[in-house]
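# Structural features, examined
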Amino acid sequence: MISVSGVEKTFAAGGNAVHSLRGVSFDVVPGEFLVAIGASGSGKTTLLRSVAGLEWPDAGRIALRGETVFDAATGVDVPPQRRRIGMVFQSYAIWPHLSVLDNVMLPLRNGYLRMKLDAAQAAAMRALELVGIGALAARPAPQLSGGQQQRVALARALAVSSDVLLMDEPLSNLDAQLREDVRGELKALSSRVGATVLYVTHDRAEALAMADRVLVLDHGSVLQIGSPAEIYDRPASRTMAEFMGRVNWIAGTPAGDGRVATPLGPLRVAGDVARSGAVTIGIRPEGIGVRRAAPGDVLGANAVAATAVSVQFLGSHAVLEADAAGVRLAIETRGTALPAPGDALVLDLPPERMFVFAEDTAAAPPAAAALPV
Amino acid sequence: MTRGAPFVWIAGVPAAAILILLLAVVWLSLTTGVPAIPGGPYALTHIRAMLTSSETWLVLGNTLVFATIATAIAMLGGTAVAWVVERTDLPGPQFVYAALTLALLIPGFFPAMGWLFLLGPRIGIVGRLLHQAFGLPQDAITIANPPGMGFVQGLLLVPLAFVLIGPALRTVSGELLEAADVHGLSLVQRLRLIELPVVTPALVAATIYCFMIAASSFEVPGFIGLTYRQFTFSTYVYQLTNPPNGQPQYGPPAAIALVSIVVAFLLTLAYQRALRRGAAYQVVTGRGYRPSPYRLGRKRAGVYAAIGGYFVLIIIMPLALVLWVALMPYFQVPSLAAIKSMTLANFAQAPWPLAWAGASHTLELMVCVPIAAVALGLIASWVVVKSRSRFRGAIDLLLFLPHAVPGIVFAMALLTLALFVLSPVIPLAGTVLIIGIAYLLIYISFAVRSMSVAVVQVSSDLEEAAYVGGLSVGRTMTKVFLPLVSQAALNAWVWIALLVGRELTMAVVLFTPANITLPAVIWSTWFTGELGQSSAMSLVFMAIFLPVALVYLAQRTNRRRPESTPLVG
C-alpha cells in the first residue's frame, strides 16, 4: 500500500550536508499500522513528509497503492494534492477561521473529491460521528480543546482518505492520561475502517502499544523493522536494544557448551555463541528474577548472589539496584515485600530473556551480529 | 500593590503631554478672537464653518482618495513581496528584506521630487515630450492630483506593508498550509480558502495602519500638491497655519484637526480590535518549520523583474531625475543641447551656510531624541506590558495616538502653546528644543511599539526571581531587565535616529532660521522656486543618509531575521 525504496535525503545545514535519510526501504501492507520511531533528528518526520509529497528526496522511489508517486530516477513527482492521503499533523493544523464541520468539509468540496455540498456535509458528519465529536460540528475551531482538535484532525484525514493515513506525532500535544486513552481508540478506529497507517512518534510506549510493526530509525537509517515483541525482545543490535529500553550489559567470553564466562560466573545462554572473541550479554531489568537469599541457599544454574544497593518504589513496580560481583544490575520487580539496601539477594537470569552480541572490537556502530538467543 | 509606581509616573509624562496637545486642539478650535492670536470669546464658529464649508469636504474627500489609493498600492505590493519571500524558493530572501528595509527609510520628499519632474503639471518631462511629439496638452498626464499623489505615497508605503505582513505570514503554522496540500487543495484554493482567511485579521490591521500613515502624510502632497493647491488634510492645515501671505490662522485648522482626531480614535480602536482577532487565531503550534516552499521555476525571472521595477520607480528614477535637475542651469527636457549645458552651478549656489546650520540641528536631534524616546519607550512598555497599574490602558492608548493623529496636528498645537501660553515661562518657539519635543512625542510611540516586542519576551519569572532574591525594582531593572532588552533598545535607538534625520512634517511648522533642520532647508529652498538648488541639496542629503542607513542594515542582517518590526511614520 505504501512502498518506500532506497530513499535518500540530504539537507544543507550551515554549509554542511546533513544526511537525513540514508537508503530507507520498507513496505506497509494494506491494513497495516506501521509505526516509525526514532529520536529527534532521526529522519522520521522527513520520511513521513516525503511520503506525503511535502519533501523531495534526493534519491529513491515511493509508491502509494502500487502507483509510483515519486521516483528520483525518472523524475516522477506527484504533488501532495494528488496523492490522495489523509494526514494528521502534530499541531493538528485545524484551520482557525472555520468551524469544525467546515474544517472537514473544505477538502471534500475543494480537493480532488469535488463533492457536492450535501454529499460533503454527510461525509463530514459521518467522519465526525466516527471519532465521536458529531456534537461539536458547528463549533468554531479556536474554541476546541487539544483533544477535540486532535479528533477533528483525525476526522478530516479519514474523510479525505480512509485507506492511506499518515500521522505525525498526533498525540504529542495531549496530556499523559488523554494520550493513553486516545492511543487505543486510534488503533481500534484505524483497523475498523481498514486504513493503512504510517505513524511517526518518538514515544516507545506508543510505538509498542499501537504498532502492527515498528520501524526504528536512527540517524536516517533503518535499525530494525519487526513486530513490537521482536523489536523489544530480540533487538538486532546493542543500539537497538538500548533504544527500546533500559538494558543491563554483562561482558563475557564464550566458554563452549552454550556457556559464557562472566564476572558473575558462567552463564548458560540459549542458542549458538561465537567460538572466539568477547561477547556482551544483555538482559532487561524486568527479565531478571529476584528473591531474598535464605541461609543455606544452593545457587542453581544462572542464579547469582547479589547485594541490594538501592530500592525505588514506583507504585506499579519497584526498581532495585543490585551489586553482583562488582557488576551493577537494575532489576524491575513486582514483589510486595521489597528488600532493603544491604540485603543479600539471589538473582535469576533466565537464558530466554538474554540477548548476546559479539563484541565488536571497533567502537564504531555495533555490528548487527544478531544472535537472538 | 504598586510595584514600580515611579515608572508609571515617568511613562505618564509623555502620555499627559500628548493628551494636553490634543486638548489644545480643542481649545484652539473654540477660539474666535483675533485670527493670528488665539483667545476668547469661545464659540463653535469654526467648527460650524468647517462642517458647512465645501472646501473642508473637498479636502477630506481628497485625503480619502489619496490615502485609499496609497493604502491599496502599499498593501498589494507589500503582500505580494511578503508572500514571495515567505512562501517561495526565491533565492536570497534576506537581500529582498534588506532592500525593502532600506526603502522604508527613503525620505518621502525624494521620490516626490522625482515624480514631479517626471509627471508634474507644466514642468513634467513626460508631459513636455508628449506635447512636443503629438501636440497633446502639457497637463494631459499629471500626478498633481489626489490619485497621482496617492500612487507615489503608495510606492513609499510598500516597504511598510511588507514589514507588517511578512511576520504575519511567517507565524502561520506551516502545517495549516500543508494540511491543505495533502488533502487535495490546489495552490490557488489554498491561498483563497486557507491562507487569506487565516491572515485576514493581520491584513486588516496592516491596512488600517497603512491608511493612518497615508492619511497623515505630508511630504508627498507637500512637494507635489501644495504648489497646485491640491490639498490633503496635512497640507491644508499647513496652508492655513503658514499662509504664503497674510496672517496665520489657528481656529479653522484646529476645527478640521478635530475631525482627524476623531477619525484617528476610531481607526485606533478598529486596529486594536483587528489585532485581538488575530491573536484569537493562534492555535496549538507544532514544530515551527516553514511549509515546503512553492517552487518558482521560470517565474523567478519575472519576480526579480517586478521587485527590480519597484526599485526603479521608488528610487532609481527619482535619483536620475533629481540628479538631472541638479545639473541643469534651469529646468529642461533631456536633450543633447541640455546635456551640453550641464553645470555644477546649483551645487555651488545652494544656501550652504543655512544647510550647515540645518545639518548641525538635525545631528543634535538625531542624537538626543532617540535617547529620550528609547528610555521613555522602554519604561512605558514595561508599564503597559508588565505592570498592573490602572493607568496602563490609558498610557497605551495615548502613546499609540501619534501613529494615528497626523504629526502636523501635534506640531500646530505645540507651536501655539509655545507661542501663546508658555512663552512667558519658557521661550520654546524657535528653539531646537521645541522640535526635539515634537519629535520625541511622535517617536516615543515607535519606541514603545518596538520595545514592547522585546519586553513581552522577558518572562515575568526572570524578574520575579530577582525580587525573590532581594533585588529592588530599580536594581531588577538595571541588572536583569535592561541587559535582556538592550539589543532591542539599541536597534530602536538607531532606527529612530534615522527617522529623525529624515523627518520633515513637524519641522515645516516649527522651524525658523534659528532652529531649521536639514530637510527643512531643502523644503524652504524648494518653495523659493530654486528647484535645482533644492535638488542638489537633497542629493547631498541622500549621499550622507543612505550610507549611514546601509551600515545599520549591514549589522542588522547579520542576524538572520529582524526580531522586532521597525516602523515608520
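Residues numbered from 1 in each chain as written. Chains lettered and ligands numbered in written order. Predicted model: local features only at pLDDT ≥ 70, side-chain atom pairs only at ≥ 80, totals over all residues. Heavy atoms only, no water.

Counting secondary structure elements, chain A contains 8 helices and 21 strands. Projecting the C-alpha coordinates of chain A onto the three principal axes gives extents of approximately 80 × 50 × 40 Å. In chain A, the proportion of contacts linking residues at least 24 apart, taken out of those at least 6 apart, comes to 64%. Taking the average place of the 34 positive charges on the side chains of chain A and the average place of its 37 negative ones, the gap between the two points comes to 5 Å. (Helix = DSSP H or I, 4+ residues; strand = E, 2+ residues; numbered from the N terminus. Contact = heavy atoms within 4.5 Å. Lys, Arg positive; Asp, Glu negative; His and termini not counted. Charge placed at Lys NZ, Arg CZ, Asp CG, Glu CD.)

Let us look at the pattern of salt bridges. Scanning all chains against the criterion turns up 20 salt bridges over all chains. Residues A:Asp203 and A:Arg179 are paired through a salt bridge, measuring 3.8 Å at the closest nitrogen-oxygen approach. Of this pair, A:Asp203 sits in the loop between β9 (196-201) and α6 (204-210) while A:Arg179 sits in helix α5 (residues 176-192), and the two are 24 residues apart along the sequence. On the basis of relative accessible area, A:Asp203 is assigned to the buried category, the value being 18%. Residue classification places A:Arg179 among the partly exposed residues on the basis of a relative accessible area of 22%. With a shortest N-O distance of 3.7 Å, B:Asp89 and B:Arg300 are connected by a salt bridge. One end of the pair, B:Asp89, is in the loop between α3 (54-87) and α4 (93-104); the other, B:Arg300, is in helix α13 (residues 299-327), with 211 residues separating them in the sequence. Here B:Arg300 falls in the partly exposed class, since its relative accessible area comes to 30%. A single salt-bridge network, built from bridges that share partners, covers B:Arg87, B:Asp181, B:Arg190 and B:Glu195. (Salt bridge = Lys/Arg side-chain N within 4 Å of Asp/Glu carboxyl O. Buried < 20%, exposed > 50% of the residue type's maximum accessible area, 1.4 Å probe, protein only.)

Moving on, we get to unusual backbone geometry. Residue and element names in this part refer to chain A. Of note in this structure, tyrosine 92 is not a glycine but carries a positive phi near 75°. Its place among the elements puts tyrosine 92 in the loop between β7 (86-88) and α2 (100-110). Looking at tyrosine 92, the relative accessible area reads 1%, which means it is buried. With a phi angle near 45°, histidine 219 is a residue other than glycine that sits in the positive phi range. Here histidine 219 shows up in the loop between β10 (213-218) and β11 (221-226).

In this section: helix α9 (residues 187-216) of chain B. Taking 1.5 Å as the rise per residue, α9(B) with 30 residues should run 44 Å; its terminal C-alpha atoms sit only 37 Å apart, a clear shortfall. At B:Thr200, α9(B) shows its largest bend, some 55°, and a proline, B:Pro201, comes one to four positions later. (Expected span 1.5 Å × (residues − 1). Bend = angle between axes of the 7 residues up to and from the residue.)

Our focus in this paragraph is the interface of chain B and chain A. Counting from both sides, the interface comprises 30 residues of chain B and, opposite them, 34 residues of chain A. Approximately 2700 Å² of surface area, both sides summed, lies buried where chain B meets chain A, with 60% of it carried by carbon and sulfur atoms. Counting every contact that joins chain B to chain A gives 2 salt bridges. Salt-bridge contacts for A:Arg49 lead to B:Glu178; the nearest nitrogen and oxygen are separated by 2.5 Å. At the boundary of chain B with chain A, the tally comes to 9 residue pairs in polar contact (both at pLDDT 80 or more). Elements with a minimum of two residues in the side of chain B that touches chain A: α8 (174-182) and α9 of chain B. Considering only residue class, the side of chain B that touches chain A consists of 16 nonpolar, 8 polar and 6 charged. (Buried area = accessible area lost by both parts, 1.4 Å probe. Polar contact = N/O pair within 3.5 Å; in protein donor to acceptor, adjacent residues only side chain to side chain. Nonpolar A, V, L, I, M, F, W, Y, C, P; charged D, E, K, R; others polar.)

Residues and elements named next belong to chain A. With 5 bridges connecting them, strand β12 (residues 248-256) and strand β15 (residues 279-283) associate as antiparallel partners. For tryptophan 249, the partnering residue across the bridge sits in β15 and is glycine 282. One ladder, built from 3 bridges, connects β12 with strand β13 (residues 259-262); its direction is antiparallel. Residue pairing in the sheet places threonine 253 in a bridge with alanine 261 of β13. Hairpin connection from β12 to β13: 2 residues lie between these consecutive antiparallel strands, with aspartate 257 at a positive phi of about 65°. (Pairing = 2+ DSSP bridges.)

This part is about the pairing of strand β20 (residues 344-348) of chain A. Residue and element names in this part refer to chain A. With 4 bridges joining them, strand β16 (residues 289-292) and β20 adopt antiparallel strand pairing. Paired with arginine 291 across the bridge in β20 is valine 346. With 5 bridges joining them, strand β17 (residues 303-313) and β20 adopt antiparallel strand pairing. What sits directly across from alanine 306, in β20, is leucine 345.

Turning to the packing of helix α17 (residues 392-404) of chain B against helix α19 (residues 432-457) of chain B, a few remarks are in order. Each pair of packed helices can be described by the angle between their axes along with the distance between the axes. All names here are of chain B. Two elements in contact, α17 and α19, have axes separated by 8 Å at closest approach and are oriented at 110°. By the criterion of interaxial angle, the relationship of α17 to α19 is roughly perpendicular. For the pair α17 and α19, the sense of crossing is left-handed. Residues Leu399, Phe400, Pro402 and His403 of α17 form the contact with α19, whose own contacting residues are Leu441, Ile442, Ile444, Ser445, Phe446, Val448 and Arg449. Here the residues of the contact of α17 with α19 are counted per class, giving 8 nonpolar, 2 polar and 1 charged. (Axes fitted to C-alpha atoms, helices over the stretch in contact; angles between N-to-C directions. Parallel < 35°, antiparallel > 145°, perpendicular 65-115°, else oblique. Left-handed = near helix turned anticlockwise from the far one by under 90°.)

Attention shifts here to the domain arrangement of chain A. Residue and element names in this part refer to chain A. Taken domain by domain, chain A consists of domain 1 (2-238) and domain 2 (245-363). Between the C-alpha centres of domain 1 and domain 2 the distance comes to 40 Å. Contact residues are listed per partner, giving 7 residues for domain 1 and 8 residues for domain 2. When domain 1 packs against domain 2, close to 690 Å² is buried across both sides, 54% of that on carbon and sulfur atoms. Of all residues in domain 1, Tyr232, Pro235 and Arg238 bury the most surface against domain 2, accounting for 77% of the area lost on that side. Between the two partners, domain 1 and domain 2, sit 0 salt bridges. At the surface where domain 1 touches domain 2, the tally comes to 2 residue pairs in polar contact (both at pLDDT 80 or more). (Domains from an automatic or database assignment.)

Attention now goes to a nonpolar patch on the surface. A contiguous nonpolar surface patch, about 240 Å² in accessible area, is contributed by B:Leu19, B:Leu23 and B:Val26. Relative to the helices and strands, B:Leu23 resides in helix α1 (residues 5-30). (Patch = residues over 30% accessible without salt bridge, like charges linked within 9 Å, V, L, I, M, F, W, Y side chains within 5 Å. Areas by Shrake-Rupley, 256 points an atom, 1.4 Å probe, with all protein chains shown as cover.)

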